[in-house]
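Breakdown of the fold
Residues per chain, in single letters:
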Amino acid sequence: MSVADSMDEEPGRRGNIAAMAVAFEGGLGLLALALGWLLGVWPIPGIERTGVAWEALWPGLVWGLAATCPMLLGFWLIDRFPWGPLADLQRDVERLVVPLFRECRIAELALVSLAAGVGEEMLFRGLLQHGLAQWLGPPWGVWIALGVASGVFGLAHMLSVTYAILAAAIGLYLGGVLIWTESLLAPAVAHGLYDFVALCYLVRGNGGSRV
């Protein structure tokens, strides 16, 4: 195979990875809607089913942007000070995650991050946490649901034990944001924006696409 042929194939491989990631993450949102319909749970709390009052979305959007900052600070600290298990975590991410998105363009990373923020939050926070909290009822149902959803979120990210523990901690944080704001928009924005910034940093820092 010539160099020119290899270069021609790179956009196809890149597009396939991005498309599969968007399809998978978006599929989680569709799964949440389907299961929510079967179980009688609306997996997008804070957003009405029958219509969107745009002025009511601003608080969730602002809180989501603000909630991204502590997550990015944690990401920066882990990157700068990879002590103990965090060093293994860093190597696992560089070995297993970065190569998947190395050739992706910024727009493709944005689509993947948006799909992950929406799809995963609808499933784990909107359906599982919100639905379980409704089923168990107050006062303890809210906190039991938070713990269960966060644990499942961690297990779903079993890249390694350390990665799963960190994901569970992020799940607790995002679940807390949902409880505080009573809107799925806030954790979805925080999740998607965090993923986008982290992916861009990792890909650029490992010789990925710059455009």
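Small disclaimer: the values here were computed from a predicted structure and weren't measured.

**Some details on the confidence of the model for the protein chain**
Confidence in the prediction of the protein chain, expressed as mean pLDDT, is 88, and 87% of residues score 70 or more. Counting contacts from residues 1-9, a segment whose pLDDT is below 50, to residues more than four positions away or on other chains yields three contacts. Low pLDDT (under 50) marks residues 207-211, which in the prediction has 13 contacts with non-local residues, meaning those over four places away or in another chain.

**Brief notes about the packing of aromatic side chains**
Within this structure, the stated rule accounts for six aromatic pairs. Pairing F75 with Y194 gives two aromatic rings, centres 6.1 Å apart and planes at 85°, and the pair type is edge-to-face. Of the two residues, F75 sits in helix α2 (residues 54-80) while Y194 sits in helix α7 (residues 185-205), which places them 119 residues apart along the sequence. Given the relative accessible area of 18%, F75 is considered buried. You can call Y194 buried: its relative accessible area is 14%. With 5.6 Å between their ring centres and 50° between their planes, F81 and W83 make a pair best called tilted. Residue class for F81 comes out partly exposed when judged on its relative accessible area of 38%. Taking relative accessible area as the criterion, W83 reaches 64% and is therefore assigned exposed. Taken together, the aromatic side chains of F75, Y194 and Y201 make up a single cluster linked through ring pairs. Positioned above the aromatic ring of F153 is the side chain of R125, whose terminal nitrogen or guanidinium carbon lies 4.3 Å from the ring centre.

**With respect to the side chain of E25**
Relative to the helices and strands, E25 is located in helix α1 (residues 3-39). No salt bridge is formed by the buried E25. Its closest oppositely charged neighbour is R125, at 9.9 Å. Beyond its immediate stretch of four places on either side in the chain, E25 contacts A115, A116, G119 and E120.

**Considerations on the layout of surface pockets**
Quantified by volume, the largest pocket comes out at close to 1,300 Å³. Surrounding the largest pocket, 45 residues form its lining, V97, H157, Y163, D195 and L199 being those nearest its centre. Mapped by element, the contributors of at least two residues to the lining of the largest pocket are α1, α2, α3 (85-101), α4 (106-136), α6 (161-181) and α7. Considered class by class, the residues forming the lining of the largest pocket number 33 nonpolar, seven polar and five charged.

Rules of the game
- Residues numbered from 1 in each chain as written.
- Predicted model: local features only at pLDDT ≥ 70, side-chain atom pairs only at ≥ 80, totals over all residues.
- Heavy atoms only, no water.
- pLDDT = per-residue confidence, 0-100.
- Contact = heavy atoms within 4.5 Å.
- Phe/Tyr/Trp six-rings, centres within 6.5 Å; stacked < 30°, edge-to-face > 60°.
- Helix = DSSP H or I, 4+ residues; strand = E, 2+ residues; numbered from the N terminus.
- Buried < 20%, exposed > 50% of the residue type's maximum accessible area, 1.4 Å probe, protein only.
- Lys NZ or Arg CZ within 6 Å of the ring centre and 35° of its normal.
- Lys, Arg positive; Asp, Glu negative; His and termini not counted.
- Salt bridge = Lys/Arg side-chain N within 4 Å of Asp/Glu carboxyl O.
- 1 Å grid on protein atoms, 1.4 Å probe; cavity = no way out; pocket = protein on both sides within 12 Å on 5 of 7 lines; lining within 4 Å.
- Points joined across faces, edges and corners; volume = space filled by probe spheres on them.
- Nonpolar A, V, L, I, M, F, W, Y, C, P; charged D, E, K, R; others polar.

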